[in-house]
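These are the residues of each chain, in order.
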Amino acid sequence: MKIIPLFLLLLPLTLQAALPPHSKAVPGGIAIIDLGPASGETPVLHYKKQRVMVQQDQGRWKAVVGIPLAAKPGTERLTPAKGAPLTFTVQAKDYATQHLTIKNKRKVNPNKQDMTRIRGERGRINAALTHWRETAEVKTHFILPVQGRLSSPFGLRRYFNEQPRKPHSGIDIAAPEGTPIRAPAAGRVIDSGNYFFNGKTVFLDHGQGLVTMYCHMNRIDVTPGQTVTQGEVIGAVGQTGRVTGPHLHWGVSLNDARVDPALFFEDLEGLLSRNGKL
Ligand SMILES: [Zn+2]
């Protein structure tokens, strides 16, 4: 009699879940690049000098590459540690424009003292976003960090008080102050702080360059170095930093490219509109 061990039956499911539910090679999207049969050591590749995630999917190695919002449509290059560069094509994507009015003018045009603070904070934020932690498996299927209303989608080309600023690098979920924020997937707290624009912020590291950030919090419940499980409360919604009201700004970074958090859900907008009553 032949007995198939249970773990072998479950294996294909587990491996498929290694890739995010959606991928699209557009600015702010994710490119999946087939690297061949998954044998031997995990391939090491870089994109724009950042190491990229490599996952096993259906017996093959797949590079999971975050594409920055500032990327231009055309050919992009992925550099393996061994062998010739690989290329992939980035398609164009048009994001809508948003005009916001900020009452605190210093949050739009910071003074000299503010600029010194902002420059100092930038290094720490970059260190968190470029963090690499070796993990064989990365959870790329997320749960909602906050129950609320999607008040601002990803990628909007933004004007603050009619002045052009960087595009919206995450999504905003409006929810009452004090609403718990939960880890969308297991991870480790890499840093937390209180920043000029982002307010009280937590960075979670999910491994292989996948980092999520939570901004404008009123309360932080975790400390750097701490491990969190999926669904664990990390703090609460607030309105610290540059805001127009209480909300969570949620950013997802892959190889230091801010990508659309919706890619990590089967249907993020559906989830938010269903739970979106305020
Ligand atoms: Zn935001």
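Parameters at a glance
- Residues numbered from 1 in each chain as written.
- Predicted model: local features only at pLDDT ≥ 70, side-chain atom pairs only at ≥ 80, totals over all residues.
- Heavy atoms only, no water.
- Helix = DSSP H or I, 4+ residues; strand = E, 2+ residues; numbered from the N terminus.
- Expected span 1.5 Å × (residues − 1).
- Buried < 20%, exposed > 50% of the residue type's maximum accessible area, 1.4 Å probe, protein only.
- Contact = heavy atoms within 4.5 Å.
- Polar contact = N/O pair within 3.5 Å; in protein donor to acceptor, adjacent residues only side chain to side chain.
- Donors = N, O, S within 2.8 Å, 3.2 Å for Na, K, Ca; no water.
- Pairing = 2+ DSSP bridges.
- Domains from an automatic or database assignment.
- Buried area = accessible area lost by both parts, 1.4 Å probe.
- Salt bridge = Lys/Arg side-chain N within 4 Å of Asp/Glu carboxyl O.
- Nonpolar A, V, L, I, M, F, W, Y, C, P; charged D, E, K, R; others polar.

### With respect to helix H2 (residues 112-129)
Then comes step 1: Taking 1.5 Å of rise per residue, 18 residues should cover 26 Å, and H2 covers 26 Å from first to last C-alpha, within 8% of that figure.
Then comes step 2: Every buried residue of H2 is accounted for by Asp114, Ile118, Glu121, Ile125, Ala128 and Leu129.
Then comes step 3: For H2, the elements touching its buried residues are strand E14 (187-195), strand E15 (199-207), strand E16 (210-220), strand E19 (247-254) and strand E20 (257-259).
Then comes step 4: You can read the cap of H2 off the contacts: a side-chain oxygen lies 3.1 Å from the backbone nitrogen of Gln113, and it is on Asn111.

### A word on the side chain of Arg158
Then comes step 1: Along the chain, the position of Arg158 falls in strand E10 (residues 157-160).
Then comes step 2: Since its relative accessible area comes to 10%, Arg158 is described here as buried.
Then comes step 3: A distance of 3.1 Å separates the side chain of Arg158 from the side chain of Ser152, its partner in a polar contact.

### A short note on the coordination of the zinc ion
Then comes step 1: With distances of 1.9 to 2.1 Å, the protein atoms coordinating the zinc ion are His168 (NE2), Asp172 (OD) and His249 (ND1).
Then comes step 2: In the primary structure, the donors to the zinc ion are separated according to the pattern H-x3-D-x76-H. Of the two residues, His168 is situated in the loop between strand E11 (163-164) and strand E12 (171-174) and His249 in strand E19; the sequence distance between them amounts to 81 residues.
Then comes step 3: By relative accessible area, which is 2% here, His168 ends up buried.

### Quick notes on the sheet that holds strand E2 (residues 45-47)
Then comes step 1: In spatial order, the strands read E3-E2-E6-E7; together these four strands make up an open sheet with antiparallel pairing. Looking at the sheet topology across the chains shown, the edges are occupied by strand E3 (50-51) and strand E7 (86-90).
Then comes step 2: Of the pairings in the sheet, the one linking E2 to strand E6 (residues 74-80) comprises two bridges and is antiparallel in character. Bridge assignment links Leu45 to a residue of E6, and that residue is Pro80.

### Thoughts on unusual backbone geometry
Then comes step 1: For Glu162, which is not glycine, the phi dihedral falls at a positive 70°.
Then comes step 2: Looking at where Glu162 falls in the secondary structure, it is placed in the loop between E10 and E11.

### Structural notes on the domain arrangement of the protein chain
Then comes step 1: Domain annotation of the protein chain identifies domain 1 (6-90) and domain 2 (97-274).
Then comes step 2: Relative placement of domain 1 and domain 2: their C-alpha centres are 24 Å apart.
Then comes step 3: Contacts between the two partners involve 24 residues from domain 1, matched on the other side by 28 residues from domain 2.
Then comes step 4: When domain 1 packs against domain 2, the two sides together hide about 1900 Å² of surface, and 60% of this comes from carbon and sulfur.
Then comes step 5: In terms of surface lost to domain 2, no three residues of domain 1 exceed Arg51, Met53 and Leu69, which account for 30% of the buried area on that side.
Then comes step 6: At the surface where domain 1 touches domain 2, the tally comes to one salt bridge.
Then comes step 7: In this structure, Arg51 and Glu134 form a salt bridge, with 3.4 Å as the shortest nitrogen-oxygen distance.
Then comes step 8: Going through the elements one at a time, E3, strand E4 (53-57) and strand E5 (60-66) are the ones with two or more residues in the side of domain 1 that touches domain 2.
Then comes step 9: Considering only residue class, the side of domain 1 that touches domain 2 consists of 15 nonpolar, eight polar and one charged.

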